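One-letter residues, chain by chain:
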Amino acid sequence: MLQELARALGECQPRPEDMLGCVARHLNGAGFGFDRVAIFKDGTGRFDPVPAAQYGFEDLEVLHGQLPPVDEWPLFQRALSAEEAVWAADAQLDGDVPLEVAGSLRIRSVVGVPFVAGGHCFGFGLADRRGAAFELTQEELHTLTTAGRFVAAALVGATATEREHRVSELKSQFVALASHELRAPVAGIHGVTMTLRERGDDLLPEQVRVLQGTLYEQSDRMRRLVDQLLDLSKLEADAVEISPRRFPVRERVESVLRQVVPDKLEHIVVAVEPGLETLADPDAFDRILANLVTNAVRYGAPPVKVSARQLDTHFRLWVEDAGDGVPPEFAPRLFQRFARGRADASDGGSGLGLAIAQSFAQAQGGRLIYEDGEPRGAKFQLVLPVRKDQ
Ligand SMILES: Nc1ncnc2c1ncn2[C@@H]1O[C@H](COP(=O)(O)OP(=O)(O)OP(=O)(O)O)[C@@H](O)[C@H]1O
Ligand SMILES: [Mg+2]
């Protein structure tokens, strides 16, 4: 039976869903001879009672909604703590599965098989003989336990392959988007230089000034993009050096503001106690703050408020504004590369700022969080853990 299962798993696509389908088929009929099978999958720490694959347990789908997650079912808990296949003589009488399940599906004897590898449970198989009473020998249970371990090991491999695929897909998507973004300023610069080269002598001073303006804007945009892309690739390769230093927060904030929004200072409130110090990488801190403040000025509305506090185990810095905030449908993608809320490219943004700021926060063991402002606006919070030597 195990050989058959091994062969079938070897032949199916190395995708978790396909493999679970294959396992369900094998527990059912041919190999192990159960009549009904449901396979549940770990949905990051929770086992949803909707089967990932099943035979004859269609009604579970209908019951879903009222059911507790599978990891709370006694049969599952027993199987998990023993890391073995477990059998129950009468699930209705003994409450091995929730009564609504046992009752409406007329489950009597039932077996539960955990898919455990390396101390982690990847899935759980439930099988019965369509409500009939049956017994399993120690040997049969042992075979099922082995089958479960075997399936788990195969799932580990398949999950890793799937993750690799996703990562490489994300990479090619990134390269495609990056080249697309770079193409616009490059085309702009090329166009202007062509005009200057071919018709430079015939142009009026006013026309030359317009071309110079475009040249400046487009090259500036390209310079920023190239800087951002370099930052990202360094962050990704863990090649950014983080060297924490102790510095006074208020002075640092004020100096960043003077650099990035010199003409907006009267709209910005800095609510940071003068004596407050923190230990962080000053360059990374500047980059994060500069991104947040530029965004608040660009997409939000005054007043913009920058505040900071050293709390218990964390240093926290907030940048909030009184604009419209981030629309709820966009918020989940806010920190993704190239994600922009408004399809408005005229302001030269590329949607990389927050992705970079988030990476700089993470490189220091911290993170960047978005929340809606009170009563309105956007509120970004930088959280950095206080280092032990602080
Ligand atoms: N304070 C804010 N209020 C409202 N929307 C915001 C705010 N900050 C960011 N956003 C939205 O999030 C999007 C992504 O911001 P991000 O900083 O990542 O990129 P960008 O500003 O568009 O371009 P870049 O920073 O690369 O120049 C913005 O385009 C904007 O739609
Ligand atoms: Mg930005």
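Cut-offs applied
- Residues numbered from 1 in each chain as written.
- Chains lettered and ligands numbered in written order.
- Predicted model: local features only at pLDDT ≥ 70, side-chain atom pairs only at ≥ 80, totals over all residues.
- Heavy atoms only, no water.
- Near = heavy atom within 4 Å.
- Polar contact = N/O pair within 3.5 Å; in protein donor to acceptor, adjacent residues only side chain to side chain.
- Areas by Shrake-Rupley, 256 points an atom, 1.4 Å probe, with all protein chains shown as cover.
- Helix = DSSP H or I, 4+ residues; strand = E, 2+ residues; numbered from the N terminus.
- Nonpolar A, V, L, I, M, F, W, Y, C, P; charged D, E, K, R; others polar.
- Contact = heavy atoms within 4.5 Å.
- Phe/Tyr/Trp six-rings, centres within 6.5 Å; stacked < 30°, edge-to-face > 60°.
- Buried < 20%, exposed > 50% of the residue type's maximum accessible area, 1.4 Å probe, protein only.
- Lys NZ or Arg CZ within 6 Å of the ring centre and 35° of its normal.
- Domains from an automatic or database assignment.
- Buried area = accessible area lost by both parts, 1.4 Å probe.
- Salt bridge = Lys/Arg side-chain N within 4 Å of Asp/Glu carboxyl O.

(A) Focus on the site of ligand 1. Taken together, 22 residues are adjacent to ligand 1, and Asn-295, Tyr-299, Arg-340, Gly-351 and Leu-354 come closest. Between an oxygen atom of ligand 1 and a main-chain N or O atom of Gly-353, the distance comes to 3.0 Å. Contact with the protein chains covers 96% of the free accessible surface of ligand 1, which is 600 Å². Among the secondary structure elements, those contributing two or more residues to the shell around ligand 1 are helix H10 (282–299), helix H11 (353–363) and strand S13 (378–385). Grouping the amino acids of the shell around ligand 1 by side-chain chemistry returns 10 nonpolar, eight polar and four charged.

(B) The side chain of Asn-28, seen in detail. Take Asn-28: it is sitting in the loop between helix H2 (16–27) and strand S1 (36–43). Excluding residues within four positions of it along the chain, Asn-28 makes contact with Phe-34, Asp-35, Arg-36, Val-37 and Tyr-55.

(C) Structural detail: the packing of aromatic side chains. If you walk through the whole model with that rule in mind, you get eight aromatic pairs. On the basis of an interplanar angle of 70° and a centroid distance of 5.7 Å, the ring pair of Phe-40 and Trp-73 is categorised as edge-to-face. Linking Phe-40 in strand S1 with Trp-73 in the loop between helix H3 (59–63) and helix H4 (74–82), this pair joins segments that are 33 residues apart in sequence. The exposure classification of Phe-40 matches that of Trp-73, with both residues buried. Site record: aromatic cluster; members linked through ring pairs are Phe-47, Phe-76 and Phe-124. The ring of Phe-134 has Arg-129 lying over it, and the distance from NZ or CZ to the ring centre is 4.8 Å. Taking the ring centre of Phe-247 as reference, the NZ or CZ of Arg-252 above it sits at 5.6 Å.

(D) Region of interest: the domain arrangement of the protein chain. Per the domain assignment, the segments of the protein chain are domain 1 (2–163), domain 2 (169–236) and domain 3 (245–385). Here the C-alpha centroids of domain 2 and domain 3 sit 27 Å apart. Counting from both sides, the interface comprises 13 residues of domain 2 and, opposite them, 12 residues of domain 3. In this assembly, domain 2 packs against domain 3 so that about 1200 Å² is buried in total across both faces, 62% of it on carbon and sulfur atoms. As a salt-bridge pair, Asp-231 and Arg-287 come within 2.1 Å of each other at their nearest N and O atoms. Between domain 2 and domain 3 we count two residue pairs in polar contact (both at pLDDT 80 or more) in total. At the level of secondary structure, the elements contributing two or more residues to the side of domain 2 that touches domain 3 comprise helix H7 (138–199) and helix H8 (205–236). It is H8 that contributes the most residues to the side of domain 2 that touches domain 3, nine residues altogether. In terms of residue class, the side of domain 2 that touches domain 3 is made up of seven nonpolar, one polar and five charged.

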